[in-house]
Amino acid sequence: QDHQHASTGAKLPGVGAEMQAMIASNEIAGAITAVVTKDKVLHFETTGSADVAAARPMTPETLFWIASMTKPVTGVAVLILQDEGKLDPAAPVTDYVPEVARSAYAGATVQQVLDMTTAIDYSEDYADPNSSFLPYARAAGMMPLPPGYTGPTSIYEFVRGIAKSGTHGTEFHYRSLNTDVLGW
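What comes next is a walk through the structure. Source: prediction; values computed, not measured. (Residues numbered from 1 in each chain as written. Predicted model: local features only at pLDDT ≥ 70, side-chain atom pairs only at ≥ 80, totals over all residues. Heavy atoms only, no water.)

So, the side chain of Asn178
Thought 1: Counting through the fold element by element, Asn178 comes out in helix H7 (residues 176–182).
Thought 2: For Asn178, the side chain forms a polar contact with the side chain of Tyr105, separated by 2.9 Å. (Helix = DSSP H or I, 4+ residues; strand = E, 2+ residues; numbered from the N terminus. Polar contact = N/O pair within 3.5 Å; in protein donor to acceptor, adjacent residues only side chain to side chain.)

Now the structure itself:
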(Lines give C-alpha, C1' and ligand atoms only; values in the text may rest on other atoms or scores of the structure.)
Protein backbone atom coordinates (compact mmCIF):
# COMPACT_ATOMS: atom_id res chain seq x y z
CA GLN A 1 0.00 0.00 0.00
CA ASP A 2 2.94 2.37 0.60
CA HIS A 3 3.63 2.51 -3.12
CA GLN A 4 0.01 2.40 -4.30
CA HIS A 5 0.27 6.05 -5.34
CA ALA A 6 3.31 5.35 -7.53
CA SER A 7 1.51 2.66 -9.48
CA THR A 8 -1.63 4.73 -10.07
CA GLY A 9 0.22 7.49 -11.92
CA ALA A 10 -2.55 9.86 -10.83
CA LYS A 11 -1.70 13.40 -11.89
CA LEU A 12 -3.76 16.57 -11.97
CA PRO A 13 -3.14 18.91 -14.90
CA GLY A 14 -0.89 21.86 -14.16
CA VAL A 15 0.55 20.77 -10.82
CA GLY A 16 3.76 19.34 -12.25
CA ALA A 17 4.25 22.32 -14.55
CA GLU A 18 3.81 24.73 -11.63
CA MET A 19 6.39 22.83 -9.58
CA GLN A 20 8.79 22.84 -12.56
CA ALA A 21 8.35 26.62 -12.83
CA MET A 22 9.21 27.02 -9.15
CA ILE A 23 12.30 24.87 -9.65
CA ALA A 24 13.32 26.87 -12.72
CA SER A 25 13.03 30.13 -10.73
CA ASN A 26 15.06 28.64 -7.85
CA GLU A 27 12.18 28.96 -5.38
CA ILE A 28 12.48 25.27 -4.54
CA ALA A 29 14.87 22.45 -5.40
CA GLY A 30 12.17 19.84 -5.59
CA ALA A 31 8.79 18.77 -4.27
CA ILE A 32 6.46 15.91 -3.68
CA THR A 33 2.88 16.91 -4.40
CA ALA A 34 -0.15 14.92 -3.36
CA VAL A 35 -3.89 15.46 -3.44
CA VAL A 36 -5.92 12.81 -1.66
CA THR A 37 -9.50 12.29 -0.64
CA LYS A 38 -10.79 9.96 2.02
CA ASP A 39 -11.01 7.26 -0.61
CA LYS A 40 -8.29 7.71 -3.20
CA VAL A 41 -5.18 9.45 -4.47
CA LEU A 42 -6.10 12.07 -7.06
CA HIS A 43 -2.56 13.27 -7.67
CA PHE A 44 0.93 12.15 -6.69
CA GLU A 45 4.13 13.38 -8.28
CA THR A 46 7.79 13.84 -7.43
CA THR A 47 9.61 16.72 -9.10
CA GLY A 48 13.14 18.06 -9.00
CA SER A 49 15.98 17.27 -6.62
CA ALA A 50 16.16 16.09 -3.04
CA ASP A 51 19.84 17.08 -3.01
CA VAL A 52 20.99 19.43 -5.77
CA ALA A 53 24.72 19.13 -4.98
CA ALA A 54 24.61 15.34 -5.11
CA ALA A 55 22.23 15.32 -8.10
CA ARG A 56 19.87 13.08 -6.11
CA PRO A 57 16.31 13.23 -7.46
CA MET A 58 13.23 13.57 -5.33
CA THR A 59 11.62 10.16 -4.67
CA PRO A 60 8.49 9.04 -2.81
CA GLU A 61 10.81 8.00 0.05
CA THR A 62 12.51 11.41 0.42
CA LEU A 63 12.27 12.67 4.00
CA PHE A 64 11.55 16.31 4.79
CA TRP A 65 12.06 18.50 7.82
CA ILE A 66 8.74 20.32 7.82
CA ALA A 67 9.59 22.69 10.69
CA SER A 68 6.69 24.97 11.63
CA MET A 69 4.24 23.07 9.44
CA THR A 70 4.06 20.64 12.37
CA LYS A 71 2.14 23.25 14.36
CA PRO A 72 -1.13 23.14 12.37
CA VAL A 73 -0.85 19.35 12.01
CA THR A 74 -0.45 18.97 15.77
CA GLY A 75 -3.21 21.50 16.40
CA VAL A 76 -5.62 19.56 14.20
CA ALA A 77 -4.71 16.31 15.97
CA VAL A 78 -5.43 17.97 19.33
CA LEU A 79 -8.79 19.27 18.04
CA ILE A 80 -9.73 15.81 16.77
CA LEU A 81 -8.93 14.33 20.19
CA GLN A 82 -10.97 17.10 21.82
CA ASP A 83 -13.94 16.46 19.50
CA GLU A 84 -13.75 12.75 20.31
CA GLY A 85 -13.86 13.55 24.03
CA LYS A 86 -10.36 12.15 24.57
CA LEU A 87 -8.68 15.43 25.50
CA ASP A 88 -9.73 18.35 27.68
CA PRO A 89 -7.95 21.60 26.75
CA ALA A 90 -8.54 22.95 30.27
CA ALA A 91 -6.73 19.99 31.84
CA PRO A 92 -3.10 20.21 32.91
CA VAL A 93 -0.81 19.14 30.07
CA THR A 94 0.82 16.78 32.58
CA ASP A 95 -2.40 14.72 32.63
CA TYR A 96 -1.50 13.70 29.07
CA VAL A 97 2.29 14.05 29.18
CA PRO A 98 3.30 13.05 32.73
CA GLU A 99 6.94 13.04 31.64
CA VAL A 100 6.95 16.86 31.89
CA ALA A 101 5.51 17.00 35.42
CA ARG A 102 8.88 18.06 36.88
CA SER A 103 9.61 20.63 34.19
CA ALA A 104 8.51 24.19 33.55
CA TYR A 105 5.34 22.75 32.00
CA ALA A 106 4.00 21.74 35.42
CA GLY A 107 0.83 23.73 36.00
CA ALA A 108 0.28 24.62 32.34
CA THR A 109 -2.98 23.59 30.69
CA VAL A 110 -3.22 21.98 27.27
CA GLN A 111 -4.86 25.21 26.05
CA GLN A 112 -1.94 27.31 27.30
CA VAL A 113 0.49 25.05 25.48
CA LEU A 114 -1.64 25.31 22.31
CA ASP A 115 -1.83 29.09 22.67
CA MET A 116 1.93 29.33 23.33
CA THR A 117 1.31 31.18 26.57
CA THR A 118 3.50 28.91 28.67
CA ALA A 119 5.87 30.50 31.15
CA ILE A 120 9.04 28.71 30.12
CA ASP A 121 12.57 30.05 30.06
CA TYR A 122 13.04 29.56 26.35
CA SER A 123 13.73 32.12 23.63
CA GLU A 124 13.26 31.25 19.96
CA ASP A 125 15.13 34.16 18.43
CA TYR A 126 16.92 32.68 15.43
CA ALA A 127 19.16 35.73 15.01
CA ASP A 128 20.37 35.71 18.63
CA PRO A 129 23.34 33.34 19.08
CA ASN A 130 22.54 33.21 22.82
CA SER A 131 18.88 32.21 22.40
CA SER A 132 17.59 28.81 23.49
CA PHE A 133 17.14 27.76 19.88
CA LEU A 134 20.72 26.60 19.34
CA PRO A 135 20.71 24.08 22.25
CA TYR A 136 17.20 23.03 21.19
CA ALA A 137 18.36 22.46 17.60
CA ARG A 138 21.27 20.35 18.84
CA ALA A 139 19.02 18.28 21.10
CA ALA A 140 16.54 17.80 18.24
CA GLY A 141 19.27 16.57 15.89
CA MET A 142 18.97 19.56 13.55
CA MET A 143 22.59 20.53 14.08
CA PRO A 144 25.74 18.50 14.68
CA LEU A 145 26.94 18.21 18.25
CA PRO A 146 30.24 19.99 18.88
CA PRO A 147 33.18 18.01 20.28
CA GLY A 148 32.81 17.44 24.00
CA TYR A 149 29.10 18.27 23.98
CA THR A 150 27.43 17.18 27.23
CA GLY A 151 23.98 18.75 26.84
CA PRO A 152 20.66 17.06 26.03
CA THR A 153 20.62 14.77 23.00
CA SER A 154 16.86 14.56 22.52
CA ILE A 155 13.91 16.91 22.70
CA TYR A 156 12.64 14.85 25.63
CA GLU A 157 15.79 15.60 27.62
CA PHE A 158 15.73 19.24 26.55
CA VAL A 159 12.11 19.78 27.66
CA ARG A 160 12.77 18.23 31.07
CA GLY A 161 15.60 20.72 31.63
CA ILE A 162 13.61 23.88 30.86
CA ALA A 163 13.01 26.19 33.83
CA LYS A 164 9.80 28.07 34.52
CA SER A 165 9.83 31.85 34.08
CA GLY A 166 6.65 33.71 34.96
CA THR A 167 3.00 32.65 35.06
CA HIS A 168 1.40 30.32 32.53
CA GLY A 169 -1.35 31.89 30.42
CA THR A 170 -0.22 35.51 30.63
CA GLU A 171 2.02 36.17 27.60
CA PHE A 172 2.28 34.77 24.07
CA HIS A 173 5.73 33.75 22.86
CA TYR A 174 6.31 31.77 19.66
CA ARG A 175 8.00 28.58 20.85
CA SER A 176 8.31 25.41 18.80
CA LEU A 177 8.94 23.55 22.03
CA ASN A 178 5.23 23.83 22.91
CA THR A 179 4.32 21.88 19.78
CA ASP A 180 6.89 19.24 20.69
CA VAL A 181 5.23 18.81 24.09
CA LEU A 182 1.78 18.48 22.49
CA GLY A 183 3.11 15.91 20.04
CA TRP A 184 4.90 13.93 22.75
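Past the structure itself, the notes keep going.
Re a nonpolar patch on the surface
Thought 1: Taken together, the side chains of Leu12, Val35 and Leu42 present a nonpolar region at the surface, about 190 Å² in accessible area.
Thought 2: One can find Leu12 in the loop between helix H1 (4–8) and helix H2 (15–24). (Patch = residues over 30% accessible without salt bridge, like charges linked within 9 Å, V, L, I, M, F, W, Y side chains within 5 Å. Areas by Shrake-Rupley, 256 points an atom, 1.4 Å probe, with all protein chains shown as cover. Salt bridge = Lys/Arg side-chain N within 4 Å of Asp/Glu carboxyl O.)

Here's the deal with the packing of aromatic side chains
Between two aromatic rings, the relevant description is the distance of the centres plus the angle of the planes.
Thought 1: Evaluated as defined, the whole model comprises six aromatic pairs.
Thought 2: Joined through ring pairs, the aromatic side chains of Tyr122, Tyr126, Phe133, Tyr136 and Phe158 make up one cluster. (Phe/Tyr/Trp six-rings, centres within 6.5 Å; stacked < 30°, edge-to-face > 60°.)

Details of the pairing of strand S2 (residues 41–51)
Thought 1: Bridge count for strand S1 (residues 30–36) against S2 is seven bridges, and the pairing is antiparallel. Each bridged residue has a counterpart across the sheet, and for Gly30 the counterpart in S2 is Gly48.
Thought 2: The hairpin formed by S1 and S2 contains four residues between the paired strands.
Thought 3: Pairing between S2 and strand S3 (residues 56–57): two bridges, direction antiparallel. Pairing of Asp51 across the sheet is with Arg56, part of S3. (Pairing = 2+ DSSP bridges.)

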